[in-house]
Amino acid sequence: MPDTLTVTDNRTGKQYEIPIKDGVINATALRQIKTGPEDIAGLATYDPAFMNTASCRSKITYIDGDQGVLEYRGYPIEQLAERSTYLETAYLILFGELPSAAQLKEWTTQITFHTMLHENIKKLMEGFQYDAHPMGVFLSTVGAFSTFYPDAKKIFDEASRKKQIHRLIAKVPSVAAYAYRHSIGRPYIYPDNDLSFTGNFLNMLFRMTELKYKVDPALERALDVLFILHADHEQNCSTSAMRGIGSSHVDPYSAMAGAAAALYGPLHGGANEAVLRMLNEIGSVQKIPDFIKRVKAGEGRLMGFGHRVYKSYDPRAKIIKKTADEVFEVTGKNPLLEIALELERIALQDEYFVTRKLYPNVDFYSGLIYQAMGFPVEMFPVLFAIPRTSGWIAQWEEMILDPEQKIARPKQVYIGASRRDYVPLDKRS
Ligand code: CMC
């Protein structure tokens with residue numbers, strides 16, 4: 001029995017057999033069904049916000065939102081967070097397999113030697129206002145990379161793509177660190193090639209007058225785990241932006257500027273910043289019931305709760321809670337943790353949140369860790385963008401090489417005025 005869907009058009013009595021493959025039907029198969037005698041284009045689907053439409057086939061990340069499962073290239077996120085490093089995970093996401101020892105050494109060397117920024121990029125960043133939001137600085141600078149590396153336009157040249165991959169993975173922490181240093185008026189710190197990926201990032205952020213920055217191994221590892229958790233998340237808003245913009249065959253830097261812009265929004269990567277602001281606004285455990293009441297009345301959202309895909313506990317949030325304990329042992333407890341834990345306890349018992357399957361997502365606790373580590377809230381979305389770079393480029397490259405992909409161009413259902421004649425200005429009421 002072939003795997004098909006039988007559609008009967010009640011108006012004509014005609015039957016159509018639509019093939020089902022990998023749990024989906026091809027939307028273009030519906031075009032053979034005409035909605036009227038004049039219809040040439042045929043039947044289409046209407047799906048604002050892509051609630052039930054797959055836009056690609058992908059081998060990178062698997063999510064089961066009901067079971068709370070997240071896997072990169074088949075490896076469970078829990079195992080990667082426990083045993084891998086961000087750089088190794090980035091390799092896995094980009095190239096499909098865990099690297100051999102020799103491949104990991106070569107990859108680490110390539111990334112380490114691409115961390116420097118062109119001096120003119122520094123000058124460009126200096127042009128921003130002292131209080132410019134670091135995410136605005138980050139996405140503008142990534143966009144500007146396209147003018148520094150015009151060879152990136154050769155998107156069908158494998159060697160060129162690889163070079164841009166090395167540059168992007170290596171340079172985003174430098175851009176992020178410079179954006180931060182700029183915002184607090186401190187001189188930029190050059191990368192230190194003796195340090196790990198996250199160790200060097202902490203060095204570029206926090207080094208003062210000491211000759212060598214001493215990295216706290218617990219914080220270095222915690223940041224690495226957070227980077228692993230944020231590396232990819234299949235077809236979310238920013239990744240769809242990356243694929244959509246990249247489908248015009250623009251260079252990856254321009255596409256990634258758009259992806260970073262999508263991540264900036266408070267419903268996406270800006271949520272961790274919004275969580276911290278929300279916790280500060282609530283201010284004390286006693287004020288939580290009143291806050292929950294206002295959320296239920298539609299006067300705002302419980303930031304860091306809910307997810308389009310996860311309808312159970314976000315597996316990343318579980319790992320982050322453990323990482324938070326490890327960080328707080330070094331930094332001391334974040335005073336907002338008490339409010340967050342109580343907020344979670346109340347929300348998980350409240351009928352409003354239970355019936356809507358709203359659980360803590362990755363952003364609920366990550367901000368508390370970042371704050372304890374000394375990051376200002378404005379840096380939180382930037383800390384999301386650094387590791388997500390590996391996911392964005394992997395998804396972009398998969399799209400570029402996929403023969404089924406074309407320039408992204410959704411349909412619309414036109415509901416505006418019917419054709420009418422132009423009215424001269426003096427005849428308009
Ligand atoms: N607080 C209160 N109510 C909520 C929340 C929330 N955080 N999230 C969803 N709801 C309600 C929403 O009002 C709606 O209720 P009703 O059916 O009565 O109208 C119902 O739950 C379904 O919500 P939705 O907006 O249709 O769900 P969505 O899948 O479109 O939105 C979301 C997903 C993540 C944008 C949303 O849950 C949200 O705004 N959460 C807060 C922001 C946040 O934490 N974002 C980070 C997402 S995880 C990191 C990432 O991948 O970017």
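Overview of the structure.

Definitions and limits used
- Residues numbered from 1 in each chain as written.
- Predicted model: local features only at pLDDT ≥ 70, side-chain atom pairs only at ≥ 80, totals over all residues.
- Heavy atoms only, no water.
- Helix = DSSP H or I, 4+ residues; strand = E, 2+ residues; numbered from the N terminus.
- Rg over C-alpha atoms; globule rule 2.2 N^0.38 Å.
- Contact = heavy atoms within 4.5 Å.
- Areas by Shrake-Rupley, 256 points an atom, 1.4 Å probe, with all protein chains shown as cover.
- Lys, Arg positive; Asp, Glu negative; His and termini not counted.
- Charge placed at Lys NZ, Arg CZ, Asp CG, Glu CD.
- Pairing = 2+ DSSP bridges.
- Near = heavy atom within 4 Å.
- Polar contact = N/O pair within 3.5 Å; in protein donor to acceptor, adjacent residues only side chain to side chain.
- Nonpolar A, V, L, I, M, F, W, Y, C, P; charged D, E, K, R; others polar.
- Expected span 1.5 Å × (residues − 1).
- Buried < 20%, exposed > 50% of the residue type's maximum accessible area, 1.4 Å probe, protein only.
- Arc of directions from axis to C-beta.
- Salt bridge = Lys/Arg side-chain N within 4 Å of Asp/Glu carboxyl O.
- Axes fitted to C-alpha atoms, helices over the stretch in contact; angles between N-to-C directions.
- Parallel < 35°, antiparallel > 145°, perpendicular 65-115°, else oblique.
- Left-handed = near helix turned anticlockwise from the far one by under 90°.
- Phe/Tyr/Trp six-rings, centres within 6.5 Å; stacked < 30°, edge-to-face > 60°.
- Lys NZ or Arg CZ within 6 Å of the ring centre and 35° of its normal.

### Quick look at the overall build of the protein chain
Link 1 in the chain: Across its full length, the protein chain holds 17 helices and 6 strands.
Link 2 in the chain: In summary, the protein chain has a C-alpha radius of gyration of 24 Å against a globular reference of 22 Å for 429 residues, a match within 12%.
Link 3 in the chain: A principal-axis box enclosing the C-alpha atoms of the protein chain has dimensions of 80 × 70 × 55 Å.
Link 4 in the chain: In the protein chain, of all internal contacts separated by at least 6 residues, the share reaching a separation of at least 24 is 70%.
Link 5 in the chain: Accessible area for the protein chain stands at about 22,400 Å²; split by element, carbon and sulfur atoms hold 54% of it.
Link 6 in the chain: Charged side chains in the protein chain number 50 positive and 51 negative. The centres of these two groups are separated by 5 Å.

### Examining the sheet that holds strand β2 (residues 15-21)
Link 1 in the chain: Overall, antiparallel pairing links the 3 strands, which are arranged β1-β2-β3 in an open sheet. If you trace the sheet from one side to the other, it starts and ends with β1 (4-8) and β3 (24-25), each paired once.
Link 2 in the chain: Summarising the sheet, β1 and β2 pair through 5 bridges and their orientation is antiparallel. Its bridge partner being in β2, T4 is matched across the sheet by P19.

### A closer look at the site of the ligand
Link 1 in the chain: Around the ligand, the surrounding shell holds 19 residues, and the nearest of these are H268, R301, L302, G304 and R308.
Link 2 in the chain: For the ligand, an oxygen atom lies 2.5 Å from a polar atom in the side chain of H268.
Link 3 in the chain: Contact between the ligand and R301: an oxygen atom at 2.7 Å from a side-chain N or O atom of the residue.
Link 4 in the chain: Notes on the ligand: free accessible area 940 Å², of which the protein chains cover 74%.
Link 5 in the chain: Looking at the shell around the ligand residue by residue, the classes come out as 9 nonpolar, 6 polar and 4 charged.

### A closer look at helix α3 (residues 101-112)
Link 1 in the chain: Between its first and last C-alpha, α3 extends 16 Å over 12 residues, near the 16 Å set by a 1.5 Å rise per residue.
Link 2 in the chain: Of the residues making up α3, those classed as buried are W107, I111 and T112. End-on, the buried residues of α3 take up no more than an arc of 130°, which puts them together on one face. Within α3, the exposed residues directed more than 90 degrees away from the buried face are A102 and K105.
Link 3 in the chain: At its buried positions, α3 is contacted by α2 (86-95), α6 (158-183) and α7 (197-206).

### Re the pattern of salt bridges
Link 1 in the chain: Enumeration according to the criterion identifies 19 salt bridges in this entry.
Link 2 in the chain: The shortest N-O distance in the salt bridge between K296 and D350 comes to 2.9 Å. Of the two residues, K296 is situated in helix α12 (residues 288-296) and D350 in the loop between α14 (337-347) and α15 (351-355); the sequence distance between them amounts to 54 residues.
Link 3 in the chain: For K296, a relative accessible area of 40% translates into the label partly exposed.
Link 4 in the chain: Note that E326 and K322 form a salt bridge whose closest N and O atoms lie 3.9 Å from each other. Taken together, the residues span about one helical turn, with E326 and K322 both in helix α13 (residues 315-331) at a distance of 4 residues.
Link 5 in the chain: Classification of E326 as partly exposed rests on a relative accessible area of 42%.
Link 6 in the chain: Relative accessible area serves as the criterion here: at 47%, K322 is assigned to the partly exposed category.
Link 7 in the chain: Each of the salt bridges in this network shares a partner with another, and the network as a whole consists of D22, R57 and E404.

### Quick look at the packing of α13 against helix α16 (residues 363-372)
Link 1 in the chain: Orientation of α13 relative to α16, taken along the N-to-C sense of each, is 20°, at an axis distance of 10 Å. Between α13 and α16, the interaxial angle falls into the category roughly parallel. The two elements α13 and α16 meet at a crossing, and its hand is left-handed. In this structure, α13 uses I320, K321, T323, A324, V327, F328 and T331 to contact α16, whose residues at the interface are Y365, S366, L368, I369 and A372.
Link 2 in the chain: When the residues that make up the contact of α13 with α16 are grouped by side-chain class, the tally is 8 nonpolar, 3 polar and 1 charged.

### Regarding the packing of α2 against helix α17 (residues 380-400)
Link 1 in the chain: Two numbers describe how α2 lies on α17: the axes approach to 9 Å, and their chain directions differ by 15°. With respect to each other, α2 and α17 are oriented roughly parallel. Crossing handedness for the pair α2 and α17: right-handed. Between α2 and α17, the contacting residues are Y86, A90, I93 and L94 on the first element and I386, P387, S390, G391, I393, A394 and E397 on the second.

### Here's the deal with the pairing of β2
Link 1 in the chain: Counting the residues in the hairpin turn of β1 and β2 gives 6 residues, including G13, whose phi is positive at 80°.
Link 2 in the chain: Examined bridge by bridge, β2 and β3 share 2 bridges and lie antiparallel to one another. The residue bridging K21 from the neighbouring strand is V24, located in β3.
Link 3 in the chain: Joining the antiparallel neighbours β2 and β3 is a turn of 2 residues, in which D22 adopts a positive phi near 55°.

### What to know about the packing of aromatic side chains
Link 1 in the chain: Scanning all chains against the criterion turns up 20 aromatic pairs.
Link 2 in the chain: Ring centres of Y313 and Y359 lie 6.5 Å apart, and the angle between their planes is 55°; on these two criteria the pair is classed as tilted. Residue Y313 is located in the loop between α12 and α13, and its partner Y359 is located in the loop between α15 and α16; the two are separated by 46 residues in the primary sequence.
Link 3 in the chain: Overall, the relative accessible area of 17% leaves Y313 in the buried class.
Link 4 in the chain: One aromatic cluster is present, formed by Y180, F206, Y370, F375 and F380 through successive ring pairs.
Link 5 in the chain: Cation over ring: K162 sits above F95, and NZ or CZ is 5.3 Å from the ring centre.
Link 6 in the chain: The lysine or arginine in question, R356, covers the ring of Y352, its NZ or CZ lying 3.8 Å from the ring centre.

Coordinates in, geometry out; function isn't part of it.
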